[in-house]
Amino acid sequence: MTRIGYIQPDGTRVIVDAAPGDTVMSAALTGDVDGIVGECGGNMMCATCHVYVEESSADRLPAMTDDEDQMLHCTEAPRTAISRLSCQLPADDPMVVTVPGSPT
Ligand code: FES
């Protein structure tokens, strides 16, 4: 089991034990984490799994593909330098991600 932390826009933190083979998105769905929908089931067609990763974790993550880069232009909340699609992030190592809030 790998512990994944999800920080909500209001600062509350949810910890989920990810199972082997989980992504950060699938673990969030298992843990009922608000704000991560995963509408397309991890096929990079929705961007409803957008998260902000801690910069300290960024080096351990797989490189962003062109498809992920394109889909990140479709996020509801602003894209930043630390934006990723959580369906593309293996939950192999403990990490903390921030769930974007709704744009104001
Ligand atoms: Fe749809 Fe990640 S779940 S893009």
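Quick note: structure is the one above.
Here the structure is a predicted model, which is why all the values come from computation and not from measurement.

Caption draft 1: The overall build of the chain, seen in detail. When you go through the chain residue by residue, the secondary structure sums to 3 helices and 5 strands. Along its sequence from the N terminus, the chain presents helices and strands in the succession β-β-α-β-α-α-β-β. Residues classed as buried in the chain amount to 43% of the 104 residues present. Sequence-distant contacts in the chain: of pairs separated by 6 or more residues, those separated by 24 or more amount to 61%. Summing over all exposed atoms, the chain offers an accessible surface of approximately 5700 Å²; the carbon and sulfur share of this is 49%. A distance of 6 Å separates the average location of the 5 positive side-chain charges in the chain from that of its 16 negative side-chain charges.

Caption draft 2: Quick look at the pairing of strand S2 (residues 13–18). Note that strand S1 (residues 2–7) and S2 share 6 bridges and pair antiparallel. When the bridges of S2 are listed, Arg-3 appears paired with Asp-17. Joining the antiparallel neighbours S1 and S2 is a turn of 5 residues, in which Gly-11 adopts a positive phi near 95 degrees.

Caption draft 3: Quick look at the sheet that holds S1. A sheet is described by the order of its strands in space; here 5 strands give the open sequence S2-S1-S5-S3-S4, paired in mixed fashion. Here the strands that pair on one side only, and so sit at the sheet edges, are S2 and strand S4 (83–85). Averaged over neighbouring strand pairs, the angle between their axes works out to 40 degrees when direction is ignored.

Caption draft 4: Region of the structure containing the side chain of Gln-8. Inspection of the secondary structure puts Gln-8 in the loop between S1 and S2. Here Gln-8 is in contact with Val-33, Asp-34 and Val-99, once residues within four sequence places are set aside.

Caption draft 5: Highlighting the pattern of salt bridges. Throughout the structure, instances matching the rule amount to 4 salt bridges. Residue Arg-3 is joined to Asp-17 by a salt bridge in which the shortest nitrogen-to-oxygen separation is 2.9 Å. Highlighted residues: Arg-3 in strand S1 and Asp-17 in strand S2, separated in sequence by 14 residues. According to the relative accessible area criterion, Arg-3 is exposed, its value standing at 53%. Among the ionic pairs, Arg-60 bridges to Asp-93, the shortest N-O distance being 3.9 Å. Linking Arg-60 in the loop between helix H2 (55–58) and helix H3 (66–71) with Asp-93 in the loop between S4 and strand S5 (95–98), this pair joins segments that are 33 residues apart in sequence.

Basis of the calculations
- Residues numbered from 1 in each chain as written.
- Predicted model: local features only at pLDDT ≥ 70, side-chain atom pairs only at ≥ 80, totals over all residues.
- Heavy atoms only, no water.
- Helix = DSSP H or I, 4+ residues; strand = E, 2+ residues; numbered from the N terminus.
- Buried < 20%, exposed > 50% of the residue type's maximum accessible area, 1.4 Å probe, protein only.
- Contact = heavy atoms within 4.5 Å.
- Areas by Shrake-Rupley, 256 points an atom, 1.4 Å probe, with all protein chains shown as cover.
- Lys, Arg positive; Asp, Glu negative; His and termini not counted.
- Charge placed at Lys NZ, Arg CZ, Asp CG, Glu CD.
- Pairing = 2+ DSSP bridges.
- Axes fitted to C-alpha atoms, helices over the stretch in contact; angles between N-to-C directions.
- Salt bridge = Lys/Arg side-chain N within 4 Å of Asp/Glu carboxyl O.

So, to be careful, I would describe these as geometric facts and stop short of saying anything about function.
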